[in-house]
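Residue strings, one per chain:
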Amino acid sequence: MINVFSDGFSTFQNHFWMIIPIFLVIIWGQTVMSKILSKIFDNQFNDDEYFSLSLSGWVFPVFIWAGIYFLLNILSGRIIASIISIIVFFIPFLFIKLKKIFPTIFYLSSFLLISLFLRLAFLQQVIFPAYFDSAQHYQNIQNIISIYESSSSSLFQFNYYHLGYHFISAALIQFFQFNEINFMLVFGQIVLTILPLSLFFLMKQITQSNTVAFFTFLIAAFGFHMPAHLINWGKYPALLSLAGFQFVFCLGYIAVKREIIQKS
């Protein structure tokens, strides 16, 4: 276990300037989603429930930003697109009100950090995952980046799929000037780290118990072994899609629950 944490910390140090910006973008997406959810549902949920639900839905605001960044690059150039993106990233944080941190949020955040270190340990000796889809994902992202850099490229030159994953990856790689292979490896582990958060919200709604919800989160974060996915970004697009699916499923549960309450 000591070696695992040591390897995870070493990988964290090696990719520090990649991990931090990715997390800041995810926090931005979570902040935007939290504001949207609080407007829609008002005071229907506790802070820890809003935290869990909005962090599981971070991918939607980030995908919208990636699309806008893509269009601005083509229409106005990278400098204008980057300046507008910085402003867009900065604005939501102006409206954050400092609150007392709930113990549950602190515990969830702490275990997310531990989970991240454990997952990063698997990247210690990984250079390029051996999976047939990996090269295709790499090529798709490269093609999107080439559109950013040259208006002569065409969107329809390649057979792309998992559009959300490729566009988000290409936008972050181009915006922050990340190494593509390292980004895909690190980004995959971060996606896996955050993925179990939606289960906390769902189980809290079903059982009204923080203990059950937190235990479910722990099982999903540490007990669900996915050896084929741990160091294989050939499967990460599907996992990113799963994050969106879980978020939409939670919203569907809220809608159904509200309808049942209104009829009763």
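Numbering of residues starts from 1 in every chain and runs along the sequence as written. The model is predicted, so local features are restricted to residues of pLDDT at least 70 and side-chain atom pairs to those at 80 or more, both for listing and for counting; the totals for chains, interfaces and linings are taken over all residues. Only heavy atoms go into the side-chain values, all of them from the structure, while hydrogens and water stay out.

1. Let's talk about the nonpolar core
1) Next: Nonpolar core, defined: a set of buried Ala, Val, Leu, Ile, Met, Phe, Trp, Tyr and Cys residues in which side-chain atoms within 4.5 Å join the residues together. The rule is simple: take the accessible area with a 1.4 Å probe, protein chains only, and divide by the maximum for that residue type; under 20% is buried, over 50% is exposed, in between is partly exposed. I22, W65 and F183 are the most contacted members of the largest nonpolar core, which totals 60 residues.
2) Next: Under the scheme used here, helices are H or I runs from DSSP no shorter than 4 residues and strands are E runs no shorter than 2 residues, and both carry numbers assigned from the N terminus. Considering every element that reaches this core, the biggest residue donor is helix α9 (residues 180-194), with nine residues.
3) Next: Here a residue-residue contact requires only that any non-hydrogen atoms of the pair lie within 4.5 Å. For W65, the contacting residues outside a window of four places in its chain are W28, S85, F89, A171, L172 and F175.
4) Next: One finds L37, F41, L53 and I254 within the second-largest nonpolar core, a separate group that totals eleven residues.

2. Quick word on helix α4 (residues 59-76)
1) Next: In a regular helix each residue adds 1.5 Å, so 18 residues correspond to 26 Å; α4 covers 25 Å between its end C-alpha atoms and thus fits that length.
2) Next: Looking only at α4, the buried set comprises V59, P61, V62, W65, A66, Y69, F70, L72 and N73.
3) Next: Where α4 terminates, the next one or two residues include G77, which has phi positive at roughly 95 degrees. In this scheme, a helix's expected span is set at 1.5 Å multiplied by one less than its residue total.

3. Observations concerning the packing of helix α6 (residues 103-120) against α9
1) Next: Axis definition: a line fit to C-alpha positions, over the contact stretch in the case of helices; interaxial angles, taken between N-to-C directions, run 0 to 180 degrees. Where α6 contacts α9, the axes come no closer than 9 Å and their chain directions differ by 140 degrees. In this structure, α6 meets α9 at a crossing whose hand is right-handed. For the pair formed by α6 and α9, the contact residues are L112, S115, L116, R119 and L120 on the first element and Q189, I190, L192, T193 and I194 on the second. Here is the rule for handedness: rotate from the far helix to the near one, and if that takes an anticlockwise turn smaller than a right angle the crossing is left-handed, while a clockwise turn gives right-handed.

4. Points about the packing of aromatic side chains
1) Next: Classification of ring pairs uses Phe, Tyr and Trp, with its six-membered ring standing for Trp, and accepts pairs whose centres are within 6.5 Å; under 30 degrees between planes counts as stacked, over 60 as edge-to-face, and the remaining range as tilted. Applying the stated criterion to the full structure yields 26 aromatic pairs.
2) Next: Pairing F214 with F217 gives two aromatic rings, centres 6.1 Å apart and planes at 40 degrees, and the pair type is tilted. Of this pair, F214 and F217 both sit in helix α11 (residues 210-223), three residues apart, roughly one helical turn.
3) Next: Using a relative accessible area of 0% as the deciding quantity, one classes F217 as buried.

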